[in-house]
Amino acid sequence: MGTVQKVEVKVTDEEKARQERIKARPSLSEILNLHDFEAIARSVMQEKAWAYYSSAADDEITLRENHAAYHRIWFRPRILRDVTNVDFSTSILGHKTSMPIYITATALGKLGHPDGELNLTRSAAKHDVIQMIPTLASCSFDEILDNAAPGQVQFLQLYVNKDRAITKRLVEHAEQRGIKGLFITVDAPQLGRREKDMRMKFDAEDPAEVSKNDKQGEVDRSQGAARAISSFIDPGLQWSDLKWFKSITKMPLILKGVQCWEDALEAYDHGCAGVVLSNHGGRQLEFARSGIEVLVEVVEKLGEKRGLHFPNEKFQVFVDGGVRRATDVLKAIALGATAVGIGRPFLYAFSSYGQEGVDKALTILRDEFEMNMRLLGARNIKEVVREMVDSSNIHTHTVAVPEDSLFRLNYESMQHARLKDS
Ligand SMILES: Cc1cc2c(cc1C)[n+](S(=O)(=O)[O-])c1c(=O)[nH]c(=O)nc-1n2C[C@H](O)[C@H](O)[C@H](O)COP(=O)(O)O
């Protein structure tokens, strides 16, 4: 039976040092937004864990553009609509969720906290949001499922293995265990060059333990975690493989990492249940556009070419990347997304405060949704519509906007090569 690759990350002495630093963190009541978690995580996390989570490809331009793109979209709020009660619950692939977000797949949860992805599983159940389980989880697939609440909705993110028999076993096992959606990652035929990560030597016990069944072959630990765990990914994946996927599973297929309207149209024509417009959090192709910018063109072009209206039940469009506020999510919803994936903020939340941190992050988002829906003049998600945003600037990548200091303060600028003893 295939399993999600389990990466044993040994609990090192550094972990004890981390516990020491954690004692100095502020109480959760002082954490007001998702940026705060990033600031605390940066000071308490082990260096290589921080490097892995925070890093992105090449000069990290796309990483920063993901967030900056939301600053080119402005609201057109409506007034006098009796917003005493607002309801921001919705559904994703037919499954109820308390907010139009999901916890997206991010690998190696145990780099940040000994309980790894279980922090996300438990908090997702408590707050009624959906968790997307990564192929490269530190916790094993069954351990994550065994810790889920009865009836908890979870998706699986899949890196397709060169050895299709391994992928088949994993997909069939996931379906048997009740996974409700298969998100096939299509933007990573090879993992990007994340130089902050590459500067670290990835010394997890044995990344070849990434899966009990997978033969990893040579594991190159000299270039950080990403290189060490990704040699199994098949760069040969192509559109014709979707037919094979449909022959081995009934789960809805969603392509994660679509970056232009042409491929979204292909995905629709190939009978996918949806796409995630994403550049992998800036960790893959540098200068790929943000998911939110691609969303604008996908909605326009699929409307033109196939008469589709968004949000669309039959072909759901998601975005992720750079989302740090409920207002970012509401902009995506107004522009036609069904929901938004959030990655790093939840990693930083549990790396700093364990599950309680994730609980707090979801509570902050819930409070932000409640306030911003009122101020927008929307009583429910259906009323968050296209006319409520001005995205006319989305494709102009050089606009002066008030500085986003919290994000900038958290951002750790790149270091280039240095002389040995300097
Ligand atoms: C931050 C992060 C993201 C990863 C991620 C690991 C980390 C630490 N990993 S990675 O090791 O291969 O790059 C995955 C992964 O396993 N599979 C995947 O589909 N996306 C992966 N992503 C991308 C993720 O699913 C979202 O696209 C991205 O995190 C969204 O951006 P924000 O972090 O800004 O929310």
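Before reading further, recall that the structure is shown in the block above.
Okay, so let's go over this structure. All figures in this text were calculated on a predicted structure; none of them were measured in a lab. (Residues numbered from 1 in each chain as written. Predicted model: local features only at pLDDT ≥ 70, side-chain atom pairs only at ≥ 80, totals over all residues. Heavy atoms only, no water.)

**Observations regarding the overall build of the chain**
Inference 1: Check the secondary structure of the chain and you find 15 helices and 12 strands.
Inference 2: For 422 residues, the compact-globule estimate of 2.2 N^0.38 gives 22 Å, and the C-alpha radius of gyration of the chain, at 20 Å, lies within 12% of that figure.
Inference 3: Viewed in the frame of its principal axes, the chain has a C-alpha envelope of about 60 × 50 × 45 Å.
Inference 4: A total of 422 residues make up the chain; the buried ones form 59% of that total.
Inference 5: Within the chain, counting contacts between residues at least 6 apart in sequence, those at least 24 apart form 77% of the total.
Inference 6: Summing over all exposed atoms, the chain offers an accessible surface of approximately 17,600 Å²; the carbon and sulfur share of this is 52%.
Inference 7: Averaging the locations of the 56 positively and 60 negatively charged side chains of the chain gives two centres separated by 1 Å. (Helix = DSSP H or I, 4+ residues; strand = E, 2+ residues; numbered from the N terminus. Rg over C-alpha atoms; globule rule 2.2 N^0.38 Å. Buried < 20%, exposed > 50% of the residue type's maximum accessible area, 1.4 Å probe, protein only. Contact = heavy atoms within 4.5 Å. Areas by Shrake-Rupley, 256 points an atom, 1.4 Å probe, with all protein chains shown as cover. Lys, Arg positive; Asp, Glu negative; His and termini not counted. Charge placed at Lys NZ, Arg CZ, Asp CG, Glu CD.)

**Details of the environment of D58**
Inference 1: Mapped onto the fold, D58 is located in the loop between helix 3 (47–54) and helix 4 (61–68).
Inference 2: Distance in space between the C-alpha atoms of D58 and R194 is 6.2 Å, their sequence separation being 136 residues.
Inference 3: With residues near it in sequence (within four places) discarded, D58 still touches R193, E195, E286 and M414.

**Some details on the sheet that holds strand 11 (residues 339–342)**
Inference 1: Around the barrel, eight strands lie side by side as 4-5-6-7-8-9-10-11; this closed barrel has parallel pairing. Direction aside, neighbouring strands of the sheet carry axes that sit 30° apart on average.
Inference 2: Pairing analysis gives three bridges linking strand 10 (residues 316–320) to strand 11, with the strands arranged parallel. Opposite V319, over in strand 11, you have V340 as the bridge partner.
Inference 3: Strands in contact with helix 14 (residues 344–376) are strand 4 (101–103) and strand 11; relative to strand 4, the strand with the most contacts, it is inclined by about 170°. (Pairing = 2+ DSSP bridges. Axes fitted to C-alpha atoms, helices over the stretch in contact; angles between N-to-C directions.)

**Focus: the site of the ligand**
Inference 1: In the vicinity of the ligand lie 23 residues, with Y52, A105, Y159, T185 and K256 positioned nearest.
Inference 2: One of the backbone N or O atoms of A105 is found 2.6 Å from an oxygen atom in the ligand.
Inference 3: Between the ligand and Q157, the relevant distance is 3.3 Å, taken from a nitrogen atom to a side-chain nitrogen or oxygen of the residue.
Inference 4: When isolated, the ligand has an accessible area of 640 Å², and the protein chains bury 100% of it.
Inference 5: Using a 2 Å cut-off from the grid points, one finds that the ligand occupies the largest cavity.
Inference 6: When contributions to the shell around the ligand are tallied by element, the ones reaching two or more residues are helix 3 and helix 14.
Inference 7: Here the shell around the ligand is composed, by residue class, of seven nonpolar, 10 polar and six charged. (Near = heavy atom within 4 Å. Polar contact = N/O pair within 3.5 Å; in protein donor to acceptor, adjacent residues only side chain to side chain. 1 Å grid on protein atoms, 1.4 Å probe; cavity = no way out; pocket = protein on both sides within 12 Å on 5 of 7 lines; lining within 4 Å. Sits in = over half its atoms within 2 Å of the grid points. Nonpolar A, V, L, I, M, F, W, Y, C, P; charged D, E, K, R; others polar.)

**Description of the packing of helix 13 (residues 326–334) against helix 14**
Inference 1: Where helix 13 contacts helix 14, the axes come no closer than 9 Å and their chain directions differ by 55°. In terms of their interaxial angle, helix 13 and helix 14 are classed as oblique. Considering only the axes of helix 13 and helix 14, their crossing is right-handed. Where helix 13 abuts helix 14, its residues A326, T327, V329 and L330 lie against L365, E368, F369, N372, M373 and L376. (Parallel < 35°, antiparallel > 145°, perpendicular 65-115°, else oblique. Left-handed = near helix turned anticlockwise from the far one by under 90°.)

**Details of helix 12 (residues 291–306)**
Inference 1: For helix 12, built from 16 residues, the straight-helix expectation of 22 Å at 1.5 Å per residue is met to within 8% by its first-to-last C-alpha distance of 21 Å.
Inference 2: All of the buried residues in helix 12 are G291, I292, E293, V294, L295, V296, E297, V298 and L302.
Inference 3: Packed against the buried residues of helix 12 are helix 4, helix 11 (261–269), strand 9 (274–277), strand 10 and helix 13.
Inference 4: Positive phi appears at G307, one or two residues downstream of helix 12, with a value of about 65°. (Expected span 1.5 Å × (residues − 1).)

**Some points on the state of the cysteines**
Inference 1: Summed over the entire model, instances satisfying the criterion amount to zero disulfides.
Inference 2: Sulfur of C272: no disulfide; nearest cysteine sulfur belongs to C260 and is 14 Å away.
Inference 3: Overall, the relative accessible area of 6% leaves C272 in the buried class. (Disulfide = S-S within 2.5 Å.)

**Considering the environment of K420**
Inference 1: As for its placement among the helices and strands, K420 is situated in the segment after helix 15 (405–410).
Inference 2: Separated by 398 residues in the primary sequence, K420 and I22 have C-alpha atoms spaced 31 Å apart.

**Points about the pairing of strand 11**
Inference 1: Side chains A339 and G341 project from strand 11 onto one buried face, and the interleaved V340 and I342 project onto a second face that is buried too.
Inference 2: Summarising the sheet, strand 4 and strand 11 pair through three bridges and their orientation is parallel. Its bridge partner lying in strand 11, I103 is registered against I342.
Inference 3: Taken together, strand 10, helix 13 and strand 11 constitute a β-α-β crossover, and its handedness is right-handed. (Right-handed = clockwise from strand over helix to strand, strands pointing away.)

**A look at the environment of I166**
Inference 1: On the secondary structure map, I166 appears in helix 7 (residues 164–176).
Inference 2: For I166 and P189, which are 23 residues apart along the polypeptide, the C-alpha to C-alpha distance reads 17 Å.

**Observations concerning empty space enclosed by the protein**
Inference 1: Taken as a whole and judged by the stated rule, the model has four cavities of 30 Å³ or more.
Inference 2: If you trace the largest cavity, you find 28 residues lining it, with T104, A105, T106, H280 and R283 closest to the centre.
Inference 3: Mapped onto the lining of the largest cavity, the elements with two or more residues apiece are helix 3, strand 11 and helix 14.
Inference 4: Of all the elements, helix 14 adds the most residues to the lining of the largest cavity, at three residues.
Inference 5: Class assignment for the residues of the lining of the largest cavity results in 12 nonpolar, 10 polar and six charged. (Points joined across faces, edges and corners; volume = space filled by probe spheres on them.)

**What to know about the packing of helix 7 against helix 10 (residues 241–248)**
Inference 1: For the pair helix 7 and helix 10, interaxial distance at closest approach is 10 Å and the crossing angle is 45°. Looking at the two axes, helix 7 sits oblique to helix 10. Of the two possible hands of crossing, helix 7 and helix 10 adopt the one that is right-handed. Residues R164, T167, K168, V171, E172 and E175 of helix 7 touch helix 10, and the partners they reach there are D241, W244, F245 and I248.
Inference 2: Among the residues forming the contact of helix 7 with helix 10, the class breakdown is four nonpolar, one polar and five charged.

So far we have only geometry, and geometry alone does not tell us how the molecule works.
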